[in-house]
Amino acid sequence: MTHSNVMADREGAAAPAAGPARGETVSRLLQQHGALMVLFALIVFGSVAFDSFAGGENAASIAVSSSFLAIVAIGMTFVIISGGIDLSVGSLFVLGGVLAAYGSRAGIVGALGLPLVVCGAIGLLQGLFIARSRMAPFIVTLAGLLGVRGIMLAISDEGATTYLVEDRAFASLGQDGFLGLTYPVYLTVLLCVIGIALLQRTGFGQNVFAIGGNEDAAALMGVPIVRTKVLVYFMSGLLAGLAGALNAARLSSGVTILGIGLELDAIAAVVIGGTLLTGGAGGLTGTMAGVLLLGVIQNLINQVGNLTSAFQQVVSGVFLALVVIAQRILSRVQRLT
Amino acid sequence: MTKSTEPVLEATEVSKRFPGVLALDQVSLSLGPGEVHALVGENGAGKSTLVKVLTGVHRPDGGRLRLHGRPVAFGTPLEAQRAGISTIYQEVNLIPLMSVARNLLLGHEPRGRLGGIDLPRLHAQAEHVLAGYGLSVDVRRPLRSLSVGAQQMVALARAVSVDARVVIMDEPTSSLEPREVATLFGVIGELRDRGISTVYVSHRLEELYQICDRVTVLRDGKVAHTGPLAGLDRLRLISLMLGRDLAEVRAVGSAGPARTPDGAAPVPVVETRGLARRHVLRDVSIEVRRGEVVGLGGLLGAGRTETAKAIVGAMPVDAGEVIVAGVPLRRRSTAGAIRAGVSMLPEDRKAEGIVPTLSVRENIALAALPRLARAGVVSDARIDRVVETFMRRLRIKAASPHQRVSELSGGNQQKVLLARWLAMSPKALLLDEPTRGIDVGAKAEVQTLIEELAGAGLGVLLISSDLEELVSASDRILVLRDGAVVAELAGADVTEEQIMAAIAARSGEEPHG
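Predicted model only: the values in this text are computed from it and were never measured.

Novice: Honestly, the pattern of salt bridges in this entry has me stumped. Any pointers?
Specialist: Two side chains that carry opposite charge are able to pair once their charged atoms sit near each other. All names here are of chain B. With the rule as written, the count across this model stands at 19 salt bridges over all chains. A salt bridge links Glu-271 to Arg-273, with the shortest nitrogen-to-oxygen separation between them at 3.3 Å. The class of Glu-271 is buried, set by a relative accessible area of 14%. A salt bridge links Asp-380 to Arg-361; its shortest N-O distance comes to 3.2 Å.

Dropping the structure here:
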């Protein structure tokens, strides 16, 4: 920090209730809503470039296909704000789908209950290892990724057995809806609203931010570190299982290959949405914009038609890199003004 | 205001042992209601250990803690906080990315109807609290956008607002502006009036005399003195901290260097001009000539280590330049300084020096590898030659060059580090506490080595809290206080007494001759 900046700081502090400097405001807006702005720009571009893009049907299809990633990304947002990472959500998503299809023999209760209980328990276990034994989240959830994938392969006979959804009411939960959108889309919106309230208006949310911002200081300030972390990973596991179950309902079967690598999409969506990968700052509106951005990119590439889905990953990757670079620059601007 | 004599917080014969060290040896401390108690001592005296015992970070091995007469044992900092002991750390311990208001009231947020956090009330309450500390800022801004002083004030407001009965402040003014220090003292005065006691840890004597009622001096884990501050002479306080008895020093007089540098070259090997860094260094200009040992005296936090770090480019400076053998160092980096011929032996050799899992040989050759290589290929034979030379010259006691360096004694580890830098054939060496934590015999050997090295033409800058060592090894001594050189002692003036007088002098006053 140079001398002149410190001086600026002091003036800011001395002035009665001085408003934030303009550079800071702009950069904070960009950090928080950059993804939303780019999303908007892409939608405008897509509408102009492709006739088939702007229609309500296409918009609904983007929303429907994005909703599953969105549910996973909500949990991931909490994890990343708390300064951690959860690599196991892709595997939990798949396991949740297989378990839901299997459990659907016992009706809708079994179809939803089985994946939620198992995936929630695995998330809880990971949280306990991370918070209590102070193991690195990366390692614990990497072990979770591999282990859960193993469990999934074991119960599906290495993917040879595909369980079909037997319960009609459960299948309807993933396929039907109203106003042109399926139930998972509405559920995503509901979960997102609850998540925002949790983050901004509860002690739990404050604790998540505090731990991600400075864990040692948070401990000295009386934040219950272990409880908060365990809850965060529990939520992440639960939401991944729920998303997987809904996906199985949509497809009427527990598909064993879809969802592999989903954890990386979720992390990408969260980071593109402006949440700092180092923790301590971020939010769910950004994450939702990030998820939709990935969905729109994929949709646009599909519109072009002759490009493969591999190309979509290249675009997403480049985009993620740009966002991380922009975040660094923006956070430097904010620190200095 | 009625002051009962019943102590608020009382530590009785508290001991704390770490592997190899008795950090606290039956230390007792008693804090009356509304009392501002200064806790002073040099590095390693046990101050921070005592603070950590009082705040629940460490559990004492022996002794008792009493709060309001009742025995207490804190398992975690949180328990101590709940019991009414709040701590303000030297580094601000808040969450930089969270807003000022959320930091201030984390865990105590005002609630709305549905049990959610009531943001308008949160902000209003935060503004109200901070106004009481002379701070009017937008409480919705992230904490890190505030100046360090304002952040410190938020930390103080938070510490006091959580129903504190004892506030422990660990060097709270180290990053404050004079105006902010005045505010802080105002707050401490208010605390005193409300009967809240303060433990004040600081090295700034001016501040201690201004604000504190009583003082406890720690030295080598023991209480060296405790009593009222008023009437305690500054010189006496410093001699208590440094552990040098005034009478004894006067009787022995100057040890003085036995060796005088002959034919000192006109151009200094290392020279600094006006080194400055906010809150750390003020206009530090020093010269070290060939074959000369220049000592840096002063209390902990006076800017000795920082000066050395600034010279080798390990700490950025706001102003000033470093000149090595007449050539200014342009790009400031440790690599640049090493290339120019200046190396620093850091104070914390475990954290900043040796690589414990590597062998003696590898540790010595580490920095010199590029010099011992041709086209990127390192010659084993050349390394062996260098390593063998230095092991003999510095009398490093190791079973073989391949022994792991972590198995050596502290003194020999220090010599391995010395060898590492000597292998670079430097022009000057900066030694920060080279004999700390090594046994007496090894200490004498390292001291002899320093003398030999200077005799061989090296310029040496020596930092030592051991006054006896500093006086006996140095040709000249510069005394630092609050980041500025306050005295230069040479020849017959190089005595422990003169150093202490220079440290004790009030700012703006010449040390008495």
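Novice: What's the story with the sheet that holds strand 16 (residues 342-345) of chain B in this structure? I'm lost.
Specialist: Backbone hydrogen bonds are what pair the strands of a sheet, in a parallel or an antiparallel way. All names here are of chain B. Reading across the sheet, the 6 strands line up as 16-19-20-13-21-22 and stay open at both edges, with mixed pairing between neighbours. Either end of the sheet is taken by a strand with one partner, and the two such strands are strand 16 and strand 22 (484-490). For this sheet, the mean inter-axis angle between neighbouring strands, taken without regard to orientation, is 20°. In this structure, strand 13 (residues 293-297) lies alongside strand 21 (residues 476-481), joined through 4 bridges in parallel fashion. Across the sheet, the residue bridging to Gly-297 is Val-479, located in strand 21. Where helix 19 (residues 496-504) meets the sheet, it contacts strand 21 and strand 22, and its direction lies at approximately 25° from that of strand 21.

Novice: I tried to follow unusual backbone geometry on my own but got confused; where do I start?
Specialist: Peptide bonds are, in most cases, trans, and in most cases residues other than glycine have a negative phi. Residue Arg-134 of chain A is not a glycine yet carries a positive backbone phi of 55°. Of note, Arg-134 of chain A is situated in the loop between helix 5 (107-132) and helix 6 (137-155). A residue is classified by how much of its surface remains accessible, and Arg-134 of chain A, at 66% relative accessible area, is exposed. With a phi angle near 50°, Gln-26 of chain B is a residue other than glycine that sits in the positive phi range. Looking at the secondary structure, you find Gln-26 of chain B in strand 2 (residues 21-31). The class for Gln-26 of chain B is partly exposed, based on a relative accessible area of 49%.

Novice: Explain the packing of aromatic side chains here, please?
Specialist: All names here are of chain A. Considering all chains together, one arrives at 5 aromatic pairs over all chains under this definition. Judged by centre distance (6.1 Å) and plane angle (15°), the rings of Phe-78 and Phe-204 are stacked. Linking Phe-78 in helix 3 (residues 56-81) with Phe-204 in helix 9 (residues 203-213), this pair joins segments that are 126 residues apart in sequence. Under the relative-accessibility criterion, Phe-204 is labelled buried at 16%. Three or more aromatic residues link up through ring pairs in this structure, and these residues are Phe-178, Tyr-183 and Tyr-186.

Novice: In this structure, what is going on with the side chain of Thr-188 of chain A? I would like to understand it.
Specialist: Inspection of the secondary structure assignment puts Thr-188 of chain A in helix 8 (residues 183-201). Setting aside anything within four residues of it in sequence, one finds Thr-188 of chain A in contact with Ser-67, Ala-70, Ile-71, Ile-74 and Met-288 of chain A.

Novice: What exactly am I supposed to notice about the environment of Val-293 of chain B here?
Specialist: All names here are of chain B. Along the chain, Val-293 turns up in strand 13. Residue Val-293 is classed as buried on the basis of its relative accessible area of 0%. Residues Val-293 and Asp-475, 182 residues apart in the sequence, show an inter-C-alpha distance of 5.4 Å.

Novice: I tried to follow the UniProt feature "transmembrane region" (unreviewed entry) in chain A on my own but got confused; where do I start?
Specialist: Residue and element names in this part refer to chain A. Annotation from UniProt places "transmembrane region" (unreviewed entry) at residues 35-54, 60-80, 109-131, 138-157, 177-199, 230-249, 284-304 and 310-330. Across residues 138-157 one finds 90% helix and 0% strand; the C-alpha atoms that close the span lie 28 Å apart. Taken end to end, residues 230-249 has its terminal C-alpha atoms 29 Å apart, with 100% of it in helix and 0% in strand.

Cut-offs applied
Residues numbered from 1 in each chain as written. Chains lettered and ligands numbered in written order. Predicted model: local features only at pLDDT ≥ 70, side-chain atom pairs only at ≥ 80, totals over all residues. Heavy atoms only, no water. Salt bridge = Lys/Arg side-chain N within 4 Å of Asp/Glu carboxyl O. Buried < 20%, exposed > 50% of the residue type's maximum accessible area, 1.4 Å probe, protein only. Pairing = 2+ DSSP bridges. Helix = DSSP H or I, 4+ residues; strand = E, 2+ residues; numbered from the N terminus. Axes fitted to C-alpha atoms, helices over the stretch in contact; angles between N-to-C directions. Contact = heavy atoms within 4.5 Å. Phe/Tyr/Trp six-rings, centres within 6.5 Å; stacked < 30°, edge-to-face > 60°. UniProt positions renumbered as here; feature names shortened; annotations may be inferred.

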